[in-house]
Every structure is written in C-alpha cells, then in structure tokens.
Amino acid sequence: MLRELGISMGTLIFCLVTGYFVIKWAVKNAIVEAHYEITGEKSESWMEVERMMDEDEKKRQEAREDIEARRQARRAARAERKAAKEASEQ
C-alpha cells in the first residue's frame with residue numbers, strides 16, 4: 001500500500017509522529033484557553049510568557065532610547081564639525 005502512495009516506511013513514521021505532536025499541542029492549547037474562558041484564571045505558563053514579553057518590551061524600549069541618544073550625539077558632533085569648519089574658513 002505504501003508503494004502505491006509513493007512513500008517509504010520512514011516517511012510514514014515521521015508523518016505520524018509529527019501529526020501526534022501537532023495534535024497534542026493543539027489540544028493542550030485548547031484546554032488552557034477553555035480553562036481561562038471558564039474561570040478567568042491564567043495558567044502559570046501563560047503568565048510566564050506574558051512576563052517574558054513585558055521584559056522583552058522593556059529591553060526593546062531601552063535599546064530604542066540608546067539608539068536615539070547615539071543619533072543625537074552624532075548629529076551634534078556633525079554640527080560642531082561643520083561650525084568649526086565654517087569658522088576656520090572665515
């Protein structure tokens with residue numbers, strides 16, 4: 001039968017194992033979401049993910065501020081060089 005489908009035994013086993021884990025993951029997430037909708041309580045793993053996302057957002061904001069400070073410093077240095085160059089030409 002596998003020959004008629006054009007797949008080998010290894011491919012079939014791989015597909016079955018992959019399907020098992022995908023279905024397992026989907027059922028687990030559905031149960032967690034249903035629990036939240038019924039009780040209003042978030043699971044520990046859900047709260048951990050939210051905490052990690054908050055930390056990540058803080059790090060991103062700090063990085064944005066750092067990049068903007070560097071840009072401002074470069075602009076100021078460029079303006080100073082330009083002013084110095086104009087002063088030396090006069």
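Residues numbered from 1 in each chain as written. Predicted model: local features only at pLDDT ≥ 70, side-chain atom pairs only at ≥ 80, totals over all residues. Heavy atoms only, no water.

*Asks:* An account of the overall build of the chain is requested, with residue identities and associated values reported.
*Replies:* Looking only at helices and strands, the chain has 3 helices and 0 strands in total. Seen in sequence order, the chain has helices and strands lined up from the N terminus as α-α-α. For the chain, the C-alpha radius of gyration of 29 Å lies well beyond 12 Å, the compact-globule estimate for 90 residues. Projected onto its principal axes, the C-alpha positions of the chain cover 90 × 45 × 15 Å. Buried positions account for 2% of the 90 residues belonging to the chain. (Helix = DSSP H or I, 4+ residues; strand = E, 2+ residues; numbered from the N terminus. Rg over C-alpha atoms; globule rule 2.2 N^0.38 Å. Buried < 20%, exposed > 50% of the residue type's maximum accessible area, 1.4 Å probe, protein only.)

*Asks:* Hey, could you go over helix α2 (residues 9-39) for me, with residue numbers and the actual values?
*Replies:* Across its 31 residues, α2 extends 45 Å between first and last C-alpha, which sits within 8% of the 45 Å expected from 1.5 Å per residue. Trailing α2 by a residue or two, G40 shows a phi angle of about 80 degrees, which is positive. (Expected span 1.5 Å × (residues − 1).)

*Asks:* Can you explain the pattern of salt bridges? Please cite residues and give values.
*Replies:* One pass over the structure, following the stated rule, counts 7 salt bridges. Here E57 ties to R64 by a salt bridge, and the two come within 3.6 Å at their closest N and O atoms. Look at E57 and you get partly exposed, because its relative accessible area is 41%. The salt bridge partner of R70 is D66, with a shortest N-O separation of 2.9 Å. Of the two residues, R70 and D66 both sit in helix α3 (residues 44-89), 4 residues apart, roughly one turn of that helix. One connected set of salt bridges, linked through shared partners, spans E48, R51 and E55. (Salt bridge = Lys/Arg side-chain N within 4 Å of Asp/Glu carboxyl O.)

*Asks:* Break down the packing of aromatic side chains for me, citing the residues and quoting the values.
*Replies:* In this structure the tally under the stated criterion is 2 aromatic pairs. Centre to centre, the rings of Y20 and F21 are 5.0 Å apart; their planes meet at 75 degrees, and the pair counts as edge-to-face. F21 gets classed as partly exposed once you look at its relative accessible area, which sits at 48%. (Phe/Tyr/Trp six-rings, centres within 6.5 Å; stacked < 30°, edge-to-face > 60°.)

*Asks:* With reference to specific residues and values, describe a positive patch on the surface.
*Replies:* Among the surface-exposed residues, R74, R75, R78 and R81 lie close enough to one another that they form a single positively charged patch. With respect to the helices and strands, R74 occurs in helix α3. (Patch = residues over 30% accessible without salt bridge, like charges linked within 9 Å, V, L, I, M, F, W, Y side chains within 5 Å. Areas by Shrake-Rupley, 256 points an atom, 1.4 Å probe, with all protein chains shown as cover. Lys, Arg positive; Asp, Glu negative; His and termini not counted. Charge placed at Lys NZ, Arg CZ, Asp CG, Glu CD.)

*Asks:* Give me the lowdown on the environment of H35, citing residues and values where you can.
*Replies:* Residue placement: H35 occurs in helix α2. With near-sequence residues (within four places) excluded, H35 lies in contact with G40 and E41. (Contact = heavy atoms within 4.5 Å.)

Shape is all these values report; function is a separate question.
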